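Here's the letter readout for the chains.
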Amino acid sequence: MFDKYKPFNLKFIQKASPNEGDAFDFAYIYKFFTDSTDNVQRLKYILRVEVFEDVFAIKFYAARDRKLTNKYNRILKVHNYKSIIKLFYTCATLVQVLHNMYPSISFAINGAESREIANDKIEDMESNQRFRIYRNVALKLFGFELFEHFQCEEVSSYILINRSSCNDVDEKFDYIKRMFIERGFEV
């Protein structure tokens, strides 16, 4: 599936400290630009990696939406299939980059429920479309040698537990769930 695609060029911007009320310890900020399509000039995307102890949560949004509260939920309707695959692939390539820097990290990603701009239609949270895409991308790209895969379909979260970071991946998964809940997240 990904053999014929190359990720967009990802550039590191900065390491960011949390603001008051943020649940993460620190974040890495990256940017990338999509290709131009028939519908739009290239778009700039911001990719955030929020760090919670040894769990890195990957998030991204179109930079033009940065001031919107629903920036992670928006459906832009500007990308073709190839561009969408490259967008998700670009985010996934960061897993290897970060794993090289931090060999014992695990990853979390949440499939934000989609909101259509035109009619403000909101997708259900359980097993939503983005979650299903992330799950398929993770299974195709990462397999089960390095990471154990956990799904929380009821909240559309996907967790990749680094097998080398613990003796019991189920226990580590329970710990991550408790940590996110204590910090105000549902996993």
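Above this note sits the structure.
Residues numbered from 1 in each chain as written. Predicted model: local features only at pLDDT ≥ 70, side-chain atom pairs only at ≥ 80, totals over all residues. Heavy atoms only, no water.

1. Looking at the nonpolar core
Working step 1: Counting residues in hydrophobic clusters, the biggest one holds 33 residues, and the most contacted among them are L47, V49, F56, I58, F60, L98 and F107.
Working step 2: Counting residues per element, the ones that place at least two in this core are β2 (26-33), β3 (44-52), β4 (55-62), α1 (81-101), β6 (106-110), α2 (129-142) and β9 (157-162).
Working step 3: With 7 residues, the single largest contributor to this core is α1.
Working step 4: When neighbours within four sequence positions are excluded, F56 is seen to be in contact with Y28, V49, E50, V51, L98, Y102, I105, S106, F107 and A108. (Core = buried A, V, L, I, M, F, W, Y, C linked by side-chain atoms within 4.5 Å. Buried < 20%, exposed > 50% of the residue type's maximum accessible area, 1.4 Å probe, protein only. Helix = DSSP H or I, 4+ residues; strand = E, 2+ residues; numbered from the N terminus. Contact = heavy atoms within 4.5 Å.)

2. Section: the side chain of H99
Working step 1: If you trace the backbone, H99 turns up in helix α1.
Working step 2: A polar contact is formed between the side chain of H99 and the backbone oxygen of P103, at a distance of 3.1 Å. (Polar contact = N/O pair within 3.5 Å; in protein donor to acceptor, adjacent residues only side chain to side chain.)

3. Considering a negative patch on the surface
Working step 1: A cluster of acidic residues, D168, D170, E171 and D174, forms a negative patch on the protein surface.
Working step 2: Its location among the elements puts D168 in the loop between β9 and α3 (169-182).
Working step 3: We classify D168 as partly exposed; its relative accessible area is 35%. (Patch = residues over 30% accessible without salt bridge, like charges linked within 9 Å, V, L, I, M, F, W, Y side chains within 5 Å. Areas by Shrake-Rupley, 256 points an atom, 1.4 Å probe, with all protein chains shown as cover. Salt bridge = Lys/Arg side-chain N within 4 Å of Asp/Glu carboxyl O. Lys, Arg positive; Asp, Glu negative; His and termini not counted. Charge placed at Lys NZ, Arg CZ, Asp CG, Glu CD.)

4. Points about the packing of aromatic side chains
Working step 1: Per the stated rule, a full pass over the model turns up 16 aromatic pairs.
Working step 2: Ring geometry for F56 versus Y102: centroids 5.3 Å apart, planes at 55°, classification tilted. Residue F56 is found in strand β4, and its partner Y102 is found in the loop between α1 and β6; the two are separated by 46 residues along the sequence.
Working step 3: Judged by relative accessible area, F56 falls into the buried class, the value being 2%.
Working step 4: Taken together through their ring pairs, the aromatic side chains of F12, F26, Y28, Y30, F56, Y102, F107, F142 and F147 make up a single cluster.
Working step 5: Over the ring of F26 we find K15; its NZ or CZ atom is 4.3 Å from the centre of that ring. (Phe/Tyr/Trp six-rings, centres within 6.5 Å; stacked < 30°, edge-to-face > 60°. Lys NZ or Arg CZ within 6 Å of the ring centre and 35° of its normal.)

5. Description of the environment of S17
Working step 1: If you trace the backbone, S17 turns up in the loop between β1 (11-16) and β2.
Working step 2: In sequence terms S17 and Y28 are 11 residues apart; their C-alpha atoms lie 9.0 Å from each other.

6. Let's talk about the pairing of β3
Working step 1: Within β3, 8 of the 9 residues are buried, which leaves it mostly tucked inside the rest of the structure.
Working step 2: With 8 bridges joining them, β2 and β3 adopt antiparallel strand pairing. Looking across to β3, one finds that I29 is bridged to R48.
Working step 3: Two strands pair when backbone bridges link them, and β3 and β4 are joined in this way by 8 bridges, in the antiparallel orientation. Paired with V51 across the bridge in β4 is F56.
Working step 4: Joining the antiparallel neighbours β3 and β4 is a turn of 2 residues, in which E53 adopts a positive phi near 55°. (Pairing = 2+ DSSP bridges.)

Interpretation in functional terms is not warranted from these geometric data alone.
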